[in-house]
Amino acid sequence: MTVNTPLCFRGKSILAPMVRVGTLPMRLLALDYGADIVYCEELIDIKMLQCKRVVNGKLFYFICFSFHIDVLNTVDFVAPNERIVFRTCERERHCVIFQMGSADAERALAVAKLVESDVAGIDINMGCPKEYSTKGGMGAALLSNPDKIESILTTLVKGICKPVTCKIRILPSVEDTVNLVKRIEKTGIAAIAVHGRNKEERPQHPVHCDVIKAISEAVSIPVIANGGSHDFIKEYMDIETFQKATAASSVMIARAAMWNPSIFRKEGLFPLKKVMQDYIKYAVRYDNHYTNTKYCLCQMLREQLETTQGKKLHAAQSTQEICEVFEMADFYEETTTVFTAKKTSLETKIHDEDDQMDDPDVIKMAVRFDKREYPPQITPKMYLLEWCRKEKHPQPVYETIQRPLDRLFCSVVTVAEQKYKSTLWDKSKKLAEQAAAIVCLRTLGVPEGKLCEGENHLINKRRREDQERLNNRDQGDDGAEPSHKKANFIEGASDINVPEM
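Procedures and definitions
Residues numbered from 1 in each chain as written. Predicted model: local features only at pLDDT ≥ 70, side-chain atom pairs only at ≥ 80, totals over all residues. Heavy atoms only, no water. Helix = DSSP H or I, 4+ residues; strand = E, 2+ residues; numbered from the N terminus. Areas by Shrake-Rupley, 256 points an atom, 1.4 Å probe, with all protein chains shown as cover. Axes fitted to C-alpha atoms, helices over the stretch in contact; angles between N-to-C directions. Parallel < 35°, antiparallel > 145°, perpendicular 65-115°, else oblique. Contact = heavy atoms within 4.5 Å. Core = buried A, V, L, I, M, F, W, Y, C linked by side-chain atoms within 4.5 Å. Buried < 20%, exposed > 50% of the residue type's maximum accessible area, 1.4 Å probe, protein only. Salt bridge = Lys/Arg side-chain N within 4 Å of Asp/Glu carboxyl O. Pairing = 2+ DSSP bridges. Patch = residues over 30% accessible without salt bridge, like charges linked within 9 Å, V, L, I, M, F, W, Y side chains within 5 Å. Lys, Arg positive; Asp, Glu negative; His and termini not counted. Charge placed at Lys NZ, Arg CZ, Asp CG, Glu CD. Polar contact = N/O pair within 3.5 Å; in protein donor to acceptor, adjacent residues only side chain to side chain.

Chemist: Is there a simple way to think about the overall build of the chain in this case?
Modeler: For the chain, the helix and strand inventory stands at 18 helices and 18 strands. Approximately 24000 Å² of the chain is accessible, and the part contributed by carbon and sulfur atoms is 51%.

Here it is, written out as structure tokens:
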């Protein structure tokens with residue numbers, strides 16, 4: 001299949017995939033400093049398939065609340081729990097490689113199709129020796145299953161239009177490694193990254209440049225040499241030294257770039273203070289979670305973690321506190337002020353649009369449902385249902401919509417041919433329906449079951465029915481509740497959506 005991208009893997013300096021390090025701020029910083037290609041951290045196929053792709057990424061997350069905002073300009077892949085699993089942006093679209101962990105060809109293809117339009121290529125991790133990867137048959141576990149390797153890579157090469165690569169570790173023998181790589185080459189992949197250690201070896205073990213060189217000489221596809229941080233790469237000029245020692249087409253850098261991403265600068269390393277401040281700017285601008293930001297900064301500080309600054313960083317519990325540690329409090333305030341202004345402007349626009357679309361016959365109030373204000377299992381929807389039965393009205397009918405802009409919900413309830421709604425949008429369908437019920441009850445002057453209303457007749461009703469059952473049982477009855485009472489209460493309960501925690 002024709003590859004519709006100009007991405008080339010020869011003569012490149014590449015940021016390696018690193019768990020918890022290869023997130024958007026680090027990738028962008030590496031590109032600023034001179035990296036040609038950047039790999040994201042390994043992301044597991046099953047987790048990615050649970051994600052929703054948010055086009056253009058115009059979502060900005062404040063803890064559990066999300067809203068549409070133009071300041072980020074990102075594409076986000078968001079898990080059901082609102083966690084951002086993968087975030088990217090236009091700046092890196094033509095040079096970011098999405099690395100996934102997978103042991104299944106069809107799952108790998110499904111993920112590749114999900115992210116294909118937002119990245120420059122797809123990589124399969126076949127080298128990670130850590131248990132979280134190998135226990136699922138992924139990572140280095142694939143090295144002992146060449147049939148599965150061939151199946152995954154062939155499926156990807158045939159199924160997508162972007163280049164496919166893989167990253168491996170070497171096998172115990174040079175011959176076995178070369179034979180495996182030759183088989184991989186036949187799948188049609190665009191390049192192969194080789195970490196010059198076997199799966200049992202660690203960074204302190206010497207990198208086997210001779211094995212990488214044997215691979216480079218045995219295949220025609222680009223070979224990307226990896227694993228030289230400990231023995232070779234301390235500054236930019238060392239990248240070429242490692243490349244020559246391995247006869248590789250390109251060099252992939254992990255730990256040396258994690259310690260100081262300005263390793264990619266031809267002009268030489270920047271002072272660590274500047275590098276860390278540059279990193280923090282990206283972390284703030286792209287709303288990187290503070291725990292990830294702190295982790296990456298700790299990797300840069302290394303032996304300085306025991307200094308006063310290092311201890312303050314370790315104690316930081318927010319992005320703002322991290323900024324204060326690095327004398328960037330003003331930058332944080334300026335940036336968040338812009339975010340807040342954008343948020344206010346956008347919310348005003350949304351409310352204006354809502355007002356224009358509103359049906360003038362709908363009765364509206366600005367209310368929310370807070371379950372803490374109600375007894376357990378008692379909700380406004382339950383009260384509204386019972387009132388309708390008492391007044392011999394049809395059951396309430398709820399019509400709920402989700403706004404594509406920010407994925408929030410609004411519900412309209414119809415009672416006795418009159419419609420009611422809250423003007424406040426909620427994060428779930430259940431909460432939106434409860435809010436609509438509150439508007440109706442308050443308009444009608446009917447109790448809604450709040451704790452502050454004093455005696456709760458629904459609770460008292462349940463207690464009376466429970467007591468009647470006990471009395472009947474004591475008198476030798478079978479304890480059966482009158483069918484009409486039981487039906488009424490169960491029917492009411494089944495219609496109730498208990499609000500989410």
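Still more ground to cover, so stick around.
Chemist: Help me understand the packing of helix α7 (residues 209-218) against helix α8 (residues 236-246), please; the structure alone is not making it clear to me.
Modeler: Two packed helices can be described by the angle between their axes and the distance between those axes. For the pair α7 and α8, the least separation of the axes is 7 Å and the interaxial angle reads 65 degrees. By the angle between their directions, the pair α7 and α8 is classed as roughly perpendicular. Residue-level contacts link C209, I212, K213 and S216 of α7 to F242, A245 and T246 of α8.

Chemist: Could you clarify how one ought to interpret the nonpolar core in this entry?
Modeler: The nonpolar side chains of a soluble globular protein tend to be buried with one another. Ranked by internal contacts, the top residues of the largest apolar core, which has 113 residues, are M48, F98 and I192. The residues contacting M48, other than those within four sequence positions of it, are L43, F77, V85, F86, F98, V111, L114 and V115. The next biggest cluster of nonpolar side chains, apart from the first, holds 22 residues, and it includes I378, V439, C440 and V446.

Chemist: Explain the pattern of salt bridges here, please?
Modeler: Should their charged atoms come close, side chains of opposite charge can pair. Within this structure, the stated rule accounts for 20 salt bridges. We note a salt bridge from R265 to E267, for which the minimum N-O separation is 3.6 Å. Salt-bridge contacts for K450 lead to E373; the nearest nitrogen and oxygen are separated by 3.3 Å. Of this pair, K450 sits in the loop between α16 (429-444) and α17 (457-474) while E373 sits in the loop between β15 (363-365) and α15 (380-390); the two residues are 77 residues apart in sequence, bridging distant segments of the chain. A relative accessible area of 33% means that E373 is categorised as partly exposed. Look at the salt bridges and you will find they share partners, linking D147, E150 and R183 into a network.

Chemist: What's the story with the sheet that holds strand β7 (residues 74-78) in this structure? I'm lost.
Modeler: With antiparallel pairing, three strands are arranged side by side in an open sheet as β4-β7-β8. In this open sheet, the two strands that pair with only one neighbour each are β4 (52-54) and β8 (84-89). When the angles between neighbouring strand axes are averaged without regard to direction, this sheet yields 15 degrees. Sheet analysis places β7 next to β8, joined by five bridges and oriented antiparallel. The residue of β8 that forms the bridge with V78 is I84. Each of β7 and β8 touches helix α1 (residues 24-33); the most contacted strand, β8, lies at about 25 degrees to it.

Chemist: I keep staring at a negative patch on the surface and nothing clicks. Help me out?
Modeler: Among the surface-exposed residues, E321, E324, D330, E333 and E334 lie close enough to one another that they form a single negatively charged patch. Elements with a contribution of two residues or more to the negative patch: α13 (319-325) and α14 (329-357). As for its position among the elements, E321 is in helix α13.

Chemist: What is the right way to read the pairing of strand β17 (residues 409-415) from this model?
Modeler: Regular strands have side chains that alternate between both faces of the sheet. Among the seven residues of β17, seven are classified as buried, and the element is accordingly described as predominantly covered. Of the two faces of β17, the one carrying F409, S411, V413 and V415 and the one carrying C410, V412 and T414 are both buried. Looking at chain direction, strand β16 (residues 397-402) and β17 are connected through six bridges and run antiparallel. Looking across to β17, one finds that E399 is bridged to V412. Across four bridges, the pairing between β17 and strand β18 (residues 418-422) is antiparallel. For V413, the partnering residue across the bridge sits in β18 and is Y420.

Chemist: Where do I start with the side chain of E42 in this structure?
Modeler: Assignment of secondary structure puts E42 in the loop between β2 (37-39) and β3 (43-44). Put simply, E42 is tucked away with no salt bridge, and the nearest opposite charge, on K167, sits 9.7 Å away. Of the polar contacts made by the side chain of E42, one reaches the side chain of N125; its length is 3.2 Å. Only 3.2 Å separates the side chain of E42 from the side chain of S133, close enough to count as a polar contact.

Chemist: Could you clarify how one ought to interpret the sheet that holds β17 in this entry?
Modeler: Strand pairs in the sheet, formed through backbone hydrogen bonds, run parallel or antiparallel to each other. If you walk across this open sheet you meet the four strands as β15-β18-β17-β16, and the pairing is mixed. A strand with exactly one partner marks an edge of an open sheet, and here the two such strands are β15 and β16. Sheet twist, expressed as the average angle between the axes of neighbouring strands with direction ignored, equals 20 degrees. Sheet topology places β15 next to β18; three bridges connect them, and they run parallel. Each residue of the ladder has a partner; that of M365, found in β18, is S422. Here α15 sits on the sheet and contacts β16 and β17; the angle it forms with β17, its principal contact strand, is near 15 degrees.

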